[in-house]
Amino acid sequence: MNRAVNDDALDVLFRKARTHRKWRAEPVTKQVLMAVYDLMRWGPTTNNTTPARIVFIVSPEAKERLKPHLNKGNVEQTMKAPATAIIAYDLAFFEVMGKLSPNPDARETWSKKTDAELAEAAFRNSSLQGGYFMIAARAVGLDCGPMSGFNNEGVDREFFAGTKIKSNFLCNLGYGDDEGMRPRAGRLAFDEACRIL
Ligand SMILES: Cc1cc2nc3c(=O)[nH]c(=O)nc-3n(C[C@H](O)[C@H](O)[C@H](O)COP(=O)(O)O)c2cc1C
């Protein structure tokens with residue numbers, strides 16, 4: 001089969017990429033974080049709404065603000081990670097539709113949606129963008145440690161007070177230390193997860 005990217009790239013992005021919980025003492029630069037965003041932002045979303053908003057927690061002070069909201073089992077891996085991304089979504093994403101859509105009516109159309117419709121679109125598309133984020137991070141040589149084990153309301157109060165931005169999930173970033181890595185868990189086979197009709 002002809003592939004659009006070579007086998008080594010597929011290993012980096014998927015087959016050999018693992019969820020990391022231990023980190024080498026190598027910082028993640030602002031340039032690398034910007035490179036991740038510069039790739040992930042091209043991934044598709046409904047009507048190009050791109051509702052994801054990201055806060056990169058890097059400084060020890062910002063890490064301390066995040067700490068009380070983490071589940072116990074996620075504290076050490078997060079405090080030791082060179083960076084932690086809060087993958088969030090803006091419920092008022094339609095405010096910038098003028099920039100994102102060639103259709104002049106897009107902003108108004110979205111602004112008339114119900115809160116439930118806006119929440120569904122924002123959550124669906126920011127989750128997709130979170131997936132693009134992790135693949136982009138791997139593409140620029142980072143390892144990822146995604147986490148949903150935290151108090152969303154607490155994080156929202158601490159980092160997004162006075163806005164319509166809500167946290168979706170967290171993702172530790174850095175250069176993983178393979179020591180003590182759990183064996184990889186299995187995945188469903190094609191016939192278990194897919195049907196061709
Ligand atoms: C949205 C999401 C939430 C997760 N939450 C946690 C978490 O709170 N703590 C944790 O240690 N791992 C968490 N994980 C990591 C998963 O358990 C891990 O990605 C999965 O078992 C596959 O592991 P692998 O990538 O090494 O194959 C989460 C992963 C995702 C994508």
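Refer to the structure presented above.
The notes below deal with the structure included here. Sequence order as written defines the numbering, with residues in each chain counted from 1. It should be noted that, the model being predicted, local features are given only for residues of pLDDT at least 70 and side-chain atom pairs only at 80 or more, the latter also being counted only at that level, while totals for whole chains, interfaces and linings use all residues. The side-chain values count all of the structure's non-hydrogen atoms but skip hydrogen atoms and water molecules.

1. Remarks on the layout of surface pockets
Formally: Only protein atoms enter the 1 Å grid used here. Points where a 1.4 Å probe fits but cannot escape make up a cavity, open sets with protein on both sides within 12 Å along at least five of seven lines make up a pocket, and a residue lines them when an atom lies within 4 Å of a point. Grid points are joined across faces, edges and corners, and a volume is the space filled by probe spheres set on the points. Each helix is a run of DSSP H or I of at least 4 residues and each strand a run of E of at least 2, with the numbering of both proceeding from the N terminus. Each residue is assigned to one of three groups, with Ala, Val, Leu, Ile, Met, Phe, Trp, Tyr, Cys and Pro labelled nonpolar, Asp, Glu, Lys and Arg labelled charged, and all others, Gly among them, labelled polar.
In this structure, the largest pocket occupies an estimated 380 Å³ of space. Contributing to the lining of the largest pocket are Tyr-37, Arg-41, Trp-42, Gly-43, Asn-48, Thr-50, Ala-52, Arg-53, Ile-54, Val-96, Lys-99 and Leu-100. Among the secondary structure elements, those contributing two or more residues to the lining of the largest pocket are strand S1 (52–57) and helix H5 (97–100). The class makeup of the residues in the lining of the largest pocket is six nonpolar, three polar and three charged. Taken as a whole, the second largest pocket encloses approximately 180 Å³ of empty space. Residue lining of the second largest pocket: Ala-17, Arg-18, Thr-19, Arg-21, Met-134, Arg-138, Pro-146, Arg-182, Pro-183, Arg-184, Ala-185 and Arg-187, and that is the complete set. Of the residues in the lining of the second largest pocket, the class split is five nonpolar, one polar and six charged.

2. Digging into the site of the ligand
Counted only if it meets this: Here a residue counts as near a molecule or strand whenever at least one of its heavy atoms sits within 4 Å of it. Identification of polar contacts relies on pairs of N or O atoms within 3.5 Å, with a donor-acceptor requirement for protein atoms, meaning one able to donate a hydrogen and the other able to accept it, and with residues adjacent in sequence counted only if both atoms are side-chain atoms. A 1.4 Å probe and the Shrake-Rupley method give the accessible areas. Residues count as covered only by the protein chains that appear here.
Every residue near the ligand is listed here: Arg-18, Thr-19, Arg-21, Asn-74, Gln-77, Pro-146, Met-147, Ser-148, Gly-149, Arg-184 and Arg-187. Measuring from an oxygen atom of the ligand, one finds a side-chain N or O atom of Arg-18 at 2.7 Å. At a separation of 3.1 Å, a nitrogen atom of the ligand approaches a polar backbone atom of Pro-146. Considered on its own, the ligand offers 640 Å² of accessible surface; in the complex 65% of this is hidden by protein.

3. Section: the environment of Leu-39
Put simply, the rule is: For each residue, the accessible area found with a 1.4 Å probe, counting protein chains only, is set against the maximum for its type, and the residue is called buried under 20%, exposed over 50%, and partly exposed in between. The criterion used for residue contact is that any of the two residues' heavy atoms lie within 4.5 Å.
Note on placement: Leu-39 falls in helix H2 (residues 30–40). Overall, the relative accessible area of 44% leaves Leu-39 in the partly exposed class. Sequence separation between Leu-39 and Ala-136 is 97 residues; the distance between their C-alpha atoms is 5.9 Å. Apart from the residues lying within four places of it in its own chain, the contact partners of Leu-39 are Ala-136, Ala-139 and Val-140.

4. Here's the deal with the packing of aromatic side chains
Cut-off, in case you're wondering: Planes of paired rings set the category: under 30 degrees apart is stacked, over 60 is edge-to-face and the rest tilted, where pairs are Phe, Tyr or Trp rings (Trp by its six-membered ring) whose centres lie within 6.5 Å. Definition used: whenever NZ (Lys) or CZ (Arg) falls within 6 Å of the ring centre and also within 35 degrees of the ring normal, the charge is taken to sit over that ring.
For the structure shown, the criterion picks out four aromatic pairs. Between Phe-93 and Trp-110, the ring centres sit 5.3 Å apart and the planes meet at 70°, which makes this aromatic pair edge-to-face. One end of the pair, Phe-93, is in the loop between strand S2 (83–90) and H5; the other, Trp-110, is in helix H6 (residues 106–111), with 17 residues separating them in the sequence. By relative accessible area, Phe-93 is classed as buried at 0%. Among the aromatic residues, those joined into a cluster by ring pairs are Phe-93, Phe-94 and Trp-110. For Lys-113, the ring lying beneath its charged end belongs to Trp-110, and the centroid distance is 5.0 Å.

5. Here we look at the pairing of strand S4 (residues 165–174)
Short version of the rule: A strand pair is defined by DSSP finding two or more bridges across the two strands.
Along S4, nine of the 10 residues are buried, which leaves the element largely enclosed by surrounding structure. Judged from the five bridges that link them, strand S3 (residues 143–147) and S4 form a sheet pairing that is antiparallel. Each residue of the ladder has a partner; that of Gly-145, found in S4, is Asn-172.

6. Points about the nonpolar core
Test applied: In this text, buried Ala, Val, Leu, Ile, Met, Phe, Trp, Tyr and Cys residues form a nonpolar core when linked through side-chain atoms within 4.5 Å.
The biggest cluster of nonpolar side chains holds 18 residues, and the ones touching the most others in it are Phe-133, Leu-142, Cys-171 and Leu-173. Elements represented by at least two residues in this core include exactly H2, S2, helix H7 (115–139) and S4. Apart from the residues within four sequence positions on either side, Phe-133 is in contact with Val-36, Met-40, Ile-54, Phe-56, Ala-85, Ile-87, Cys-171 and Leu-173. Of all hydrophobic cores here, the second largest spans 13 residues; its members include Leu-66, Ala-88, Ile-165 and Leu-170.

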